[in-house]
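Below, each chain spelled out in residue letters.
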Amino acid sequence: MRTVTRLAPFATTIFAEMSQLAATHDAINLGQGFPDTDGPQAMLDAARAAIAEGNNQYPPGPGIPALRQAVADHQLRCYGIEYDPASEILITVGATEAIAGSLVGLVETGDEVVMIEPYYDAYAAATAMAGGVRRTVPLVADGDGFSLDRDALASTITDATRVLIVNSPHNPTGTVLGDEDLRAIAQTCIEHDVIVISDEVYEHLVFDGRTHTTIAALPGMRERTLRISSAAKTFNVTGWKVGWVSGPADLVAAARTAKQFMSYVGSGPFQPAIAVALNTEMDWVRDSCAALSAKRDLISGALRDVGFGVHRTEGTFFVCADPRPLGYTDGEEFCRDLPARVGVAAVPVSAFVDHPEPWAHLVRFAFAKRDEVLLEGAERLRRLQA
């Protein structure tokens, strides 16, 4: 094996493994979080027009001006935060590159990077690429949902911490961090002069009347926060890979320095289409969120009917379920067995953690699918009762 030691643990991803099992057994893939319907028509038409009009070469390194302006306008409308589109916004090849560029550009070898556990697996891989040392702060049970362990936050973040990665709405648990959790994070990061990378790709997909709060809007946080989002989950275009970083010019410049030697640029004809979507299609996004809330209810109800314990989902594409009432204590074993046994794929939450014990039993189902797919998946899951 020739892969460098720091990247050896990331040779394959749980999403690739479960998707391969789904394909092998012709299973319904409720493991990977991508929708199976298209985004708004005006956005799709704008992409076709951009291709026809010859927007097929390198876009500017920071992103086309129209998209940077649209991102700035969107954040001013939604959160009251003003960013300079020329120096404080960077367009990236999806949020994954935004995260990697930010970490590689800001973290020195040996710096500590703290992330909330469970964490999206790309955080750990990007931290390794940057030469950082990973630390975690757990979510803990809070009724049928989860909240931040604030005592662990206080003890884990120290003057050795360079970056804290915040993810809310949270993948994989569907948790939306409450105001008290966000204020605790802000206070601790200010005390220790920690940079925050805030992954907010599910910012518009929150349910039950909740509103998303960006930590960048809290007092003292704009100047230390890189806010990351993307078009993928908001507009159902995970394959377009259009993301962005917003923040103070010096932090954005650090991310840009690394990013320009990753992809350099990308998504040329899609950038003007996302600008159109941000400027004109937020009503579509609100309708999409309402539909996702109903899908959340559909799959959660089906899982309860089968016998799973089901955790509260406050946002995102995901619901976490407990198969122990069905006789499974190991979520990874359950997920490897599920495609062959009933023709459904899911993902074990243990793939997102360093400390598996509290999470080893949980599995994540993705519900951003057509209703008929979810209903068929629910019908197949009922075979577990036999």
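The preceding data block contains the structure.
Residues numbered from 1 in each chain as written. Predicted model: local features only at pLDDT ≥ 70, side-chain atom pairs only at ≥ 80, totals over all residues. Heavy atoms only, no water.

1. What to know about the pattern of salt bridges
Summed over all chains, the structure comprises 25 salt bridges. We note a salt bridge from Asp45 to Arg48, for which the minimum N-O separation is 3.0 Å. With Asp45 and Arg48 both in helix H2 (residues 41-52) and three residues apart, this pair spans about one turn of that helix. In this structure Asp45 comes out as partly exposed when scored by relative accessible area, which is 39%. Residues Arg286 and Asp283 are paired through a salt bridge, measuring 2.4 Å at the closest nitrogen-oxygen approach. (Salt bridge = Lys/Arg side-chain N within 4 Å of Asp/Glu carboxyl O. Helix = DSSP H or I, 4+ residues; strand = E, 2+ residues; numbered from the N terminus. Buried < 20%, exposed > 50% of the residue type's maximum accessible area, 1.4 Å probe, protein only.)

2. Points about the sheet that holds strand S3 (residues 112-117)
Reading across from one edge, S2-S9-S8-S7-S6-S3-S4-S5 is the order of the eight strands in this open sheet, with mixed pairing throughout. Taken across any chain shown, the strands that pair with only one partner, and hence form the sheet edges, are strand S2 (89-92) and strand S5 (145-148). Geometrically, the sheet is characterised by an average inter-axis angle of 25° between neighbouring strands, direction not taken into account. Pairing analysis gives four bridges linking strand S8 (residues 225-230) to strand S9 (residues 243-246), with the strands arranged antiparallel. If you follow Ser229 over to S9, its bridge partner there is Trp244. In the packing of helix H4 (residues 94-106) onto the sheet, contacts are made with S2, S3, strand S6 (161-167), strand S7 (195-199), S8 and S9, and the angle to S8 comes to roughly 160°. (Pairing = 2+ DSSP bridges. Axes fitted to C-alpha atoms, helices over the stretch in contact; angles between N-to-C directions. Contact = heavy atoms within 4.5 Å.)

3. Some thoughts on the pairing of strand S4 (residues 133-142)
In this structure, S3 lies alongside S4, joined through six bridges in parallel fashion. The residue bridging Met115 from the neighbouring strand is Thr136, located in S4. Of the strand pairs in this sheet, S4 and S5 are connected by four bridges, and their pairing is antiparallel. Residue pairing across strands places Ala141 opposite Phe146, the latter belonging to S5. Between S4 and S5, which pair antiparallel in sequence order, lie two residues; one of them, Gly143, sits at a positive phi of approximately 65°.

4. Focus: a nonpolar patch on the surface
A contiguous nonpolar surface patch, about 240 Å² in accessible area, is contributed by Val104, Met129 and Met262. Inspection of the secondary structure puts Met129 in helix H5 (residues 121-130). (Patch = residues over 30% accessible without salt bridge, like charges linked within 9 Å, V, L, I, M, F, W, Y side chains within 5 Å. Areas by Shrake-Rupley, 256 points an atom, 1.4 Å probe, with all protein chains shown as cover.)

5. Thoughts on the environment of Pro339
With respect to the helices and strands, Pro339 occurs in helix H11 (residues 331-342). According to the relative accessible area criterion, Pro339 is buried, its value standing at 1%. Once the C-alpha coordinates of Pro339 and Ser147 are considered, the two residues, 192 residues apart in sequence, prove to be 31 Å apart. Leave out the neighbours within four places in its chain, and Pro339 touches Leu21, His25, Ala27, Val344 and Ala345.

6. A look at the pairing of strand S11 (residues 318-322)
Of all five residues in S11, five are buried, a share of seventy percent or more. Along S11, one buried face is formed by Phe318, Cys320 and Asp322 and the opposite face, lined by Val319 and Ala321, is buried too. Two elements, strand S10 (residues 309-310) and S11, share two bridges in a ladder whose sense is antiparallel. Each residue of the ladder has a partner; that of Gly309, found in S11, is Asp322. Where S11 and strand S14 (residues 363-366) come together, four bridges link them in antiparallel fashion. The partner of Ala321 across the bridge, within S14, is Val363.

7. Digging into the side chain of Asn171
On the secondary structure map, Asn171 appears in the loop between S6 and helix H7 (179-192). Setting aside residues no more than four positions away along its own chain, Asn171 makes contact with Pro118, Tyr119, Tyr120, Tyr202, Phe318 and Arg364.

8. Brief notes about H4
Here H4 contains 13 residues, and its C-alpha end-to-end distance of 19 Å stays within 8% of the 18 Å for a straight helix at 1.5 Å per residue. With ten of 13 residues buried, H4 is to be regarded as a mostly interior element. Of all the residues in H4, the buried ones are Gly94, Ala95, Glu97, Ala98, Ile99, Ala100, Gly101, Ser102, Leu103 and Leu106. (Expected span 1.5 Å × (residues − 1).)

9. Examining the environment of Cys335
For Cys335, the location among the structural elements is in helix H11. When the C-alpha atoms of Cys335 and Val353 are compared, they prove to be 16 Å apart, with 18 residues separating the residues in sequence. Excluding its chain neighbours within four sequence positions, the residues that come into contact with Cys335 are Met18, Ala346, Val347, Pro348 and Val363.

Interpretation note: all reported values are geometric properties and have no functional meaning in isolation.
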